[in-house]
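Examination of the molecular architecture
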Amino acid sequence: MNFLSSRQNSADDAEQQECETGLLYKSPIDLLSSGSLVKICAPMVRYSGLAFRCLVRKYGCDLAFTPMIVANSFIQSVKARDNDFLTNAYDRPLVVQFAASNTEDLTSAAKIIAPYSDGVDLNCGCPQRWALQEGYGAKLIRNPDLMADMISETRRQIADESFTISVKIRIHDNLR
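This report concerns the structure included in the present document. These numbers were taken from a predicted model, which means no experiment stands behind them.

With that settled, consider the pairing of strand E4 (residues 94–99). Regular strands show a simple pattern: their side chains alternate between the two faces of the sheet. Most of E4 sits inside the fold, with six of its six residues counted as buried. Across the two faces of E4 the burial is the same, with Leu94, Val96 and Phe98 and Val95, Gln97 and Ala99 all buried. Bridging between strand E3 (residues 69–70) and E4 involves two bridges; their strand directions are parallel. Across the sheet, the residue bridging to isoleucine 69 is phenylalanine 98, located in E4. Where E4 lies against strand E5 (residues 119–124), four bridges are found, and the strand directions are parallel. Bridging from a neighbouring strand, phenylalanine 98 pairs with leucine 122 of E5. For the crossover from E4 across helix H6 (residues 103–113) to E5, the handedness is right-handed.

On to the nonpolar core, then. Judged by nonpolar contacts, the single largest core of 22 residues is most densely connected at Phe74, Phe85, Phe98, Ile113, Val120 and Leu122. Taken together, the elements giving at least two residues each to this core come down to helix H4 (71–76), E4, H6, E5 and helix H8 (144–157). Each residue touching isoleucine 113, except ones within four places of it in the same chain, is listed here: Phe74, Phe85, Val96, Phe98, Gly119, Val120 and Phe163. Of all hydrophobic cores here, the second largest spans six residues; its members include Met68, Val70, Ala99 and Cys126.

Within the structure shown, the criterion is met by four salt bridges. Residue aspartate 91 is joined to arginine 57 by a salt bridge in which the shortest nitrogen-to-oxygen separation is 3.1 Å. With aspartate 91 in the loop between helix H5 (78–84) and E4 and arginine 57 in helix H3 (residues 50–58), the pair connects residues that are 34 residues apart, well separated along the chain. Residue aspartate 91 shares its accessibility class with arginine 57, and that shared class is buried. Notably, a salt bridge pairs arginine 156 with glutamate 153, separated by 2.6 Å at the nearest N-O pair. Here arginine 156 pairs with glutamate 153, and both are found in helix H8, just three residues apart, close to one helical turn. A relative accessible area of 58% means that arginine 156 is categorised as exposed. In this structure glutamate 153 comes out as buried when scored by relative accessible area, which is 18%. The network of salt bridges with common partners includes Arg53, Arg57 and Asp91.

Thresholds applied
Residues numbered from 1 in each chain as written. Predicted model: local features only at pLDDT ≥ 70, side-chain atom pairs only at ≥ 80, totals over all residues. Heavy atoms only, no water. Buried < 20%, exposed > 50% of the residue type's maximum accessible area, 1.4 Å probe, protein only. Helix = DSSP H or I, 4+ residues; strand = E, 2+ residues; numbered from the N terminus. Pairing = 2+ DSSP bridges. Right-handed = clockwise from strand over helix to strand, strands pointing away. Core = buried A, V, L, I, M, F, W, Y, C linked by side-chain atoms within 4.5 Å. Contact = heavy atoms within 4.5 Å. Salt bridge = Lys/Arg side-chain N within 4 Å of Asp/Glu carboxyl O.

This is how it looks when you write it as structure tokens:
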């Protein structure tokens, strides 16, 4: 079953929703502005898939991220989407992390997952050689104009103000 058909709540459900445990979940913005401690499961390569996110939520995780998904593969291939992004009605709030090297890929990927998640995160921190060669991850940190365009255009095309758009960065040695 692909992620599109596994979603049990309608795309119009922008309000808090009931979770498997009977608790209401809040949007990432509401969580982070609540003044309370927020337990976040950061994106982890090969680990933060749906099964792991369900497990950490069972132990009190408030907000979870998917592993990094390569945006251009995601938008071009249904098989990539079905492989890389699995969720269910209880996997909320959820932020989907993308690796993208251009505005169109990030915006297109964000529009695909917007009905099934609570935000996107642009990875501008991955130091892996393959990511740098493709123009992803830490490579973007050296191009702030492109980063700004990617974020502002994604925000412009996704009208839901509660849908978050964030950026993961990494402090480089020369910035300490």
